[in-house]
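Survey of secondary and tertiary structure
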Amino acid sequence: MKSSVIHMSIWVSICVATIVGHGFWYAVISEKSAEVASLQNQIDTKTETAGRVAAARTALSEIEGNESEIRNYFVPETEVVSFIDDIEGRALTQKTTMKVLSVSVNNSSKQTSLVLSLVVGGTFDAVMRTVGAIEFAPYDLSISKLSIRNEEKNVWKAHFEIVVGSIPASTEPSTKAVEQKTVSFIFP
């Protein structure tokens, strides 16, 4: 009977040791699983961030071309003379004469603009076509004042003022090419 109690106590000790060992390893594995889940969460977050950065870079590269295209609608302060030459060329194309009476800078609004006072002379039809050609030129341009009068028989004069969007000469595009950076997923 003594040997059965000894055998029984050995088997109970082995069972208790097995249960304690199982509990210990379960705790260790649960802790490591939590660490793995945390690392996976960090990887997912960084992957998502890298995806957003890549999408932002793509959007910026697409916008960069649009920005330079839109900048062409504004007259840089240093290119006022070439702008005046362009609208004078439009007047000559319509067989009218054009004089620039004054050029000034308007800084009262958020966007700087140039204000040009012009006189166009010729036949009524030619004067109106010239005003239209200037008004619909590929610039941020609007006619703020316009008066037309008959000077002589078949000679008309249009006095008008145009406001043209302008940009400072030193302004660079705001969407510059973004330097590519590498994102690494190395964890300690």
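Use the structure listed above.
Residue indices follow the written sequence of each chain, beginning from 1 at its first position. Owing to the predicted nature of the model, reporting of local features is limited to residues with pLDDT of at least 70; listing and counting of side-chain atom pairs is limited to 80 or more, with chain, interface and lining totals taken over all residues. Excluded from the side-chain calculations are hydrogens and water; all other atoms, namely the structure's heavy atoms, are used.

A few words now on the overall build of the protein chain. The secondary structure content of the protein chain amounts to three helices and five strands. Tracing the protein chain from N to C terminus, the helices and strands come up as α-β-α-β-β-α-β-β. Any two residues having at least one pair of non-hydrogen atoms within 4.5 Å are treated as being in contact. Within the protein chain, contacts between residues separated by at least 24 positions form 63% of all contacts whose residues are at least 6 apart in sequence. When the accessible surface of the protein chain is totalled, it reaches about 13,300 Å², and 60% of it is carbon and sulfur. Helix and strand definitions follow DSSP, with helices as H or I runs of at least four residues and strands as E runs of at least two, each counted in order from the N terminus. Areas reported here follow the Shrake-Rupley algorithm with a probe of radius 1.4 Å; residue values treat only the protein chains shown as occluding.

On to unusual backbone geometry. In terms of backbone geometry, most residues other than glycine have negative phi values and most peptide bonds are trans. With a phi angle near 60°, Lys-95 is a residue other than glycine that sits in the positive phi range. Note on placement: Lys-95 falls in the loop between α2 (80-93) and β2 (97-106). For Asn-154, which is not glycine, the phi torsion reads 65° and is therefore positive. If you trace the backbone, Asn-154 turns up in the loop between β4 (141-152) and β5 (155-167). Look at Asn-154 and you get exposed, because its relative accessible area is 52%. Whether a residue is buried, partly exposed or exposed follows from its accessible area with a 1.4 Å probe, protein chains only, as a fraction of its type maximum: under 20%, in between, or over 50%, in that order.

Here we take up the packing of aromatic side chains. Stacked, tilted and edge-to-face are the three classes applied to pairs of Phe, Tyr and Trp rings, where Trp contributes its six-membered ring and a pair requires centres within 6.5 Å; stacked means planes under 30 degrees apart, edge-to-face means over 60, and tilted covers the rest. Counted by the stated rule, this structure contains three aromatic pairs. Seen in terms of ring centroids, Phe-83 and Tyr-139 are 4.8 Å apart; in terms of plane orientation they differ by 90°. Their pairing is edge-to-face. Taken together, the positions of Phe-83 in helix α2 and Tyr-139 in the loop between α3 (124-135) and β4 put the pair 56 residues apart, joining distant regions of the chain. Look at Phe-124 and Trp-156: their rings are 4.9 Å apart centre to centre, the planes differ by 65°, and that puts the pair in the edge-to-face class. Of this pair, Phe-124 sits in helix α3 while Trp-156 sits in strand β5, placing them 32 residues apart in sequence. Under the relative-accessibility criterion, Phe-124 is labelled partly exposed at 40%. For Trp-156, a relative accessible area of 23% translates into the label partly exposed.

Attention now goes to α3. Between its first and last C-alpha atoms α3 spans 16 Å; for twelve residues at 1.5 Å apiece the expected length is 16 Å, and the two agree. Those residues of α3 lying buried are Ala-126, Val-127, Thr-130, Val-131, Gly-132 and Ile-134. Where α3 is buried, its residues touch α2, β2, β3 (113-122), β4 and β5. A helix is expected to reach a length of 1.5 Å times the quantity of its residues less one.

To qualify as a nonpolar core, a set must consist of buried Ala, Val, Leu, Ile, Met, Phe, Trp, Tyr and Cys residues joined through side-chain atoms within 4.5 Å. The biggest cluster of nonpolar side chains holds 19 residues, and the ones touching the most others in it are Phe-83, Ile-87, Leu-116, Phe-160 and Ile-162. For this core, the secondary-structure elements that each account for two or more residues are α2, β3, α3 and β5. At five residues, the largest contribution of residues to this core is made by α2.

Bringing the side chain of Thr-112 into the picture now. By secondary structure assignment, the location of Thr-112 is in the loop between β2 and β3. Overall, Thr-112 belongs to the buried group, its relative accessible area being 17%. The contacts of Thr-112, once residues within four sequence positions are left out, are Glu-77, Val-105, Asn-106, Asn-107, Gly-165 and Ser-166.

Bringing a nonpolar patch on the surface into the picture now. On the surface, Ile-6, Ile-10, Trp-11 and Ile-14 cluster together into a nonpolar patch covering about 410 Å² of accessible area. For Trp-11, a relative accessible area of 54% gives the class exposed. Grouping into patches uses exposed residues only, defined as over 30% relative accessible area, and leaves out salt-bridged ones; the cut-off is 9 Å for like charges and 5 Å for nonpolar side chains (Val, Leu, Ile, Met, Phe, Trp, Tyr). One speaks of a salt bridge when a side-chain nitrogen belonging to Lys or Arg is within 4 Å of a carboxyl oxygen belonging to Asp or Glu.

Okay, the environment of Ile-84 next. Relative to the assigned elements, Ile-84 resides in helix α2. On the accessibility criterion, Ile-84 (14% relative accessible area) is buried. Taking C-alpha positions, Ile-84 is 9.8 Å from Lys-99, a pair spaced 15 residues apart along the chain.

Our focus in this paragraph is the pairing of β4. Following DSSP output, two strands are said to pair if at least two bridges run between them. By the bridge criterion, ten bridges tie β4 to β5 in an arrangement that is antiparallel. Within the sheet, the bridge partner assigned to Ser-147 lies in β5 and is His-159.

It is worth spelling out helix α1 (residues 2-71) at this point. For an α-helix the count is 3.6 residues per turn, leaving residues at separations of three or four pointing the same way. Compared with an ideal rise of 1.5 Å per residue, which puts 70 residues at 104 Å, α1 spans 101 Å between its outermost C-alpha atoms and is within 8% of the ideal. For α1, the elements touching its buried residues are β5.

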